[in-house]
Amino acid sequence: MLQNKNVIITGAAGGIGLAAARRFAKEGAFVIGLDVNATACENAKNELEGAGFRCLYVPCDISSVESVDAAFAEIGKAVDRVDAIYNNASVFLDGRDGPLGDIDPAIWSKIIAINLTGTYLCTRAALPLMKKNGGSIVNTSSSAGVTGIPECAAYTATKGAMISLTRSLAVDYGKYNIRTNCIAPAAILTDMVKASNLNNPAFNNEKFLEMVTPIRRWGTPEDIAAIACWLCSDDASYLNGAIIRADGGITTNGDVNR
Ligand SMILES: NC(=O)c1ccc[n+]([C@@H]2O[C@H](COP(=O)([O-])OP(=O)(O)OC[C@H]3O[C@@H](n4cnc5c(N)ncnc54)[C@H](O)[C@@H]3O)[C@@H](O)[C@H]2O)c1
């Protein structure tokens, strides 16, 4: 599906990003993984290479201009074009994010810097490498981007921004045959979702999400990786500006008691 495509994945050393790296590699892509966790980058690279896939992992803090510039200097030495970028990395700072009035300005700025500015910086750096041949940008929103989720105003603001930014990119770069789409996941069992719900007794109840999700199960990182993979493939060649709610129907469910 992705034979000979050079694909950048941010946050590629953990959670959904790592599942995507595995799936993209299996589909024939040359995976270029960026992640702030250098040890996890090393582990992911060893795992993929051990499975016989070529890849490049670069430790990178996507919120830092210098770090992103350095990573793309390395990417520029390895490839002469980029076919897709999957903007997946984000943070959810449980207990520090909250209702707007309770958020410390430094925490607000940190969340905006990683979740929003990080996508801007990486996409900006990737665009010149995508313009020649066209390609695919996949952004990551959340149920927090399409519904009101309490007590995480900064995260929610960044996830709403992913949807607006997807639309801007779709209309500005369509003429280069660069398609931009967005995945809005929810309830995917990763470290982020486990950590983000520690204080919520309802979520701590293993059965709760199974009950409120119309398809009656938690999502897996692989569920999301498969959608990202398809969005980056030529099978999605006329999809531009789409927001895909990949959440088992949670944000469609109007009655959580049934
Ligand atoms: N898990 C869910 O249920 C869920 C729900 C809605 C949205 N999402 C979104 O999906 C994406 C992936 O989430 P996840 O659950 O896999 O998260 P995760 O926390 O399990 O993994 C995130 C990865 O991003 C990396 N990362 C964090 N900060 C970074 C930075 N500054 N620079 C580079 N890399 C950085 C981490 O090291 C980690 O490997 C996020 O954008 C998240 O907001 C997830």
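Please refer to the structure higher up on the page.
Within any chain, residue numbers begin from 1 and follow the written order of that chain's sequence. Restriction of local features to residues with pLDDT of at least 70 applies here, the model being predicted, together with a cutoff of 80 or more for giving and counting side-chain atom pairs; totals for whole chains, interfaces and linings are based on all residues. Hydrogens and water are ignored here; the side-chain numbers use all heavy atoms of the structure.

### A word on the site of the ligand
Let me state the cut-off plainly: Here, proximity means that at least one heavy atom of the residue falls within 4 Å of the molecule or strand. Pairs of N or O atoms within 3.5 Å make up the polar contacts considered here, provided that, within protein, one atom can donate a hydrogen while the other can accept it, and that residues adjacent in sequence are counted only when both atoms are side-chain atoms. Only the protein chains shown count as covering a residue, and every accessible area follows the Shrake-Rupley method with a 1.4 Å probe. The numbering of helices and of strands both runs from the N terminus, where a helix is a DSSP run of H or I of at least 4 residues and a strand a run of E of at least 2.
Taken together, the neighbourhood of the ligand is formed by 29 residues, with Asp35, Asn88, Tyr155, Ile188 and Thr190 sitting nearest. Here Asp35 contributes a side-chain N or O atom positioned 2.6 Å from an oxygen atom of the ligand. The contact in question runs from an oxygen atom of the ligand to an N or O atom on the side chain of Ser90, over 3.0 Å. Protein contacts shield 90% of the accessible area of the ligand, which totals 830 Å² for the unbound molecule. Listed by contribution, the elements that provide at least two residues to the shell around the ligand are helix H1 (15-26), helix H6 (153-173) and helix H7 (191-196). In terms of residue count, the dominant contributor to the shell around the ligand is H7 (3 residues).

### Some details on the packing of aromatic side chains
Operational definition: Here is the rule: rings of Phe, Tyr and Trp (six-membered ring for Trp) pair when centre to centre is within 6.5 Å. Planes less than 30 degrees apart are stacked, more than 60 are edge-to-face, and the remainder are tilted. Relative accessibility under 20% of the residue-type maximum defines a buried residue, over 50% an exposed one, and the middle range a partly exposed one, all with a 1.4 Å probe and only protein chains included. Both a distance and an angle decide whether a charge sits over a ring: NZ of Lys or CZ of Arg must be within 6 Å of the ring centre and within 35 degrees of the ring normal.
By the definition in use, this model includes 3 aromatic pairs. Residues Phe92 and Tyr155 carry aromatic rings whose centres are separated by 4.8 Å and whose planes lie at 65 degrees to one another, so their mutual orientation is edge-to-face. With Phe92 in the loop between strand S4 (84-86) and helix H4 (105-130) and Tyr155 in helix H6, this residue pair connects regions lying 63 residues apart in the sequence. When its relative accessible area of 8% is taken as the criterion, Tyr155 is described as buried. Its guanidinium or amino end placed over the ring of Tyr176, Lys131 lies 4.8 Å from that ring's centre, counting from NZ or CZ.

### Things to note about the pairing of strand S6 (residues 178-185)
Selection rule: Two strands make a pair as long as DSSP finds a minimum of two bridges between them.
Burial runs high along S6: 8 of the 8 residues are buried. Covered by surrounding structure in S6 are Ile178, Thr180, Cys182 and Ala184 together with Arg179, Asn181, Ile183 and Pro185, the residues of both alternating faces. Relative to S6, strand S5 (residues 135-140) runs parallel, the two being bridged by 6 bridges. Of the residues in S6, the one forming a bridge with Thr140 is Ile183.

### Side note on the side chain of Thr119
As a reminder, the rule being used: Residue contacts follow a heavy-atom distance rule, with two residues in contact if any of their heavy atoms lie within 4.5 Å.
For Thr119, the location among the structural elements is in helix H4. Apart from the residues within four sequence positions on either side, Thr119 is in contact with Asn87, Ile114, Asn139, Met162 and Leu165.

### Remarks on the environment of Asn177
Within the secondary structure layout, Asn177 lies in the loop between H6 and S6. For Asn177 and Asn240, which are 63 residues apart along the polypeptide, the C-alpha to C-alpha distance reads 9.5 Å. Those residues within four positions of Asn177 in sequence are excluded, and the remaining contacts are Gly134 and Gly135.

### As for H6
Note the cut-off: The span you would expect from a helix comes to 1.5 Å times its residue count less one.
The end-to-end C-alpha distance of H6, which contains 21 residues, comes to 30 Å, matching closely the 30 Å that a straight helix rising 1.5 Å per residue would cover. For H6, the secondary structure elements touched by its buried residues are H4, S5, helix H5 (143-146), S6, H7 and strand S7 (243-246).

### Observations regarding unusual backbone geometry
Of note, the phi angle at Asn177 is positive, near 60 degrees, even though the residue is not glycine. Its identity as a non-glycine residue notwithstanding, Arg216 has a phi of 60 degrees, on the positive side. Examined against the element boundaries, Arg216 turns out to sit in the loop between helix H9 (206-212) and helix H10 (221-232).

### As for the side chain of Asn181
By secondary structure assignment, the location of Asn181 is in strand S6. Those residues in contact with Asn181, other than ones at most four positions away along the chain, are Ile137, Val138, Asn139, Thr166, Leu231, Leu239, Asn240, Gly241 and Ala242.

### Considerations on the pattern of salt bridges
Opposite charge on two side chains allows them to pair when their charged atoms are near. Rules: By definition here, a salt bridge exists when the distance from a side-chain nitrogen of Lys or Arg to a carboxyl oxygen of Asp or Glu is within 4 Å.
Going through the model one piece at a time under the given rule, you end up with 6 salt bridges. For Asp83, the salt bridge identified is with Arg81, shortest N-O distance 2.8 Å.

### Quick word on H1
Every α-helix carries 3.6 residues per turn, so stepping three or four residues along brings you back to the same face. Taking 1.5 Å as the rise per residue, H1 with 12 residues should run 16 Å; its terminal C-alpha atoms sit 17 Å apart, in good agreement. Of all the residues in H1, the buried ones are Ile16, Gly17, Leu18, Ala19, Ala20, Ala21, Phe24 and Ala25. Just downstream of H1 lies Gly28, where phi reads positive at about 105 degrees.

### As for the packing of helix H3 (residues 65-78) against H4
Under the convention used in this document: Every angle, taken between N-to-C directions, lies between 0 and 180 degrees, and every axis is a line fitted to C-alpha atoms, over only the stretch in contact when it is a helix. For classification purposes, an angle smaller than 35 degrees is called roughly parallel, one larger than 145 roughly antiparallel, one from 65 to 115 roughly perpendicular, and anything else oblique. Take the far helix as your reference; a near helix turned counterclockwise from it by less than a right angle gives a left-handed crossing, and one turned clockwise gives a right-handed crossing.
Relative to each other, H3 and H4 sit at 25 degrees, their axes nearing to 10 Å. The orientation of H3 with respect to H4, classified from their angle, is roughly parallel. The interaxial crossing formed by H3 with H4 has right-handed handedness. On H4, the residues that touch Val65, Val68, Phe72 and Ile75 of H3 are Leu121, Cys122, Ala125, Ala126 and Leu129.

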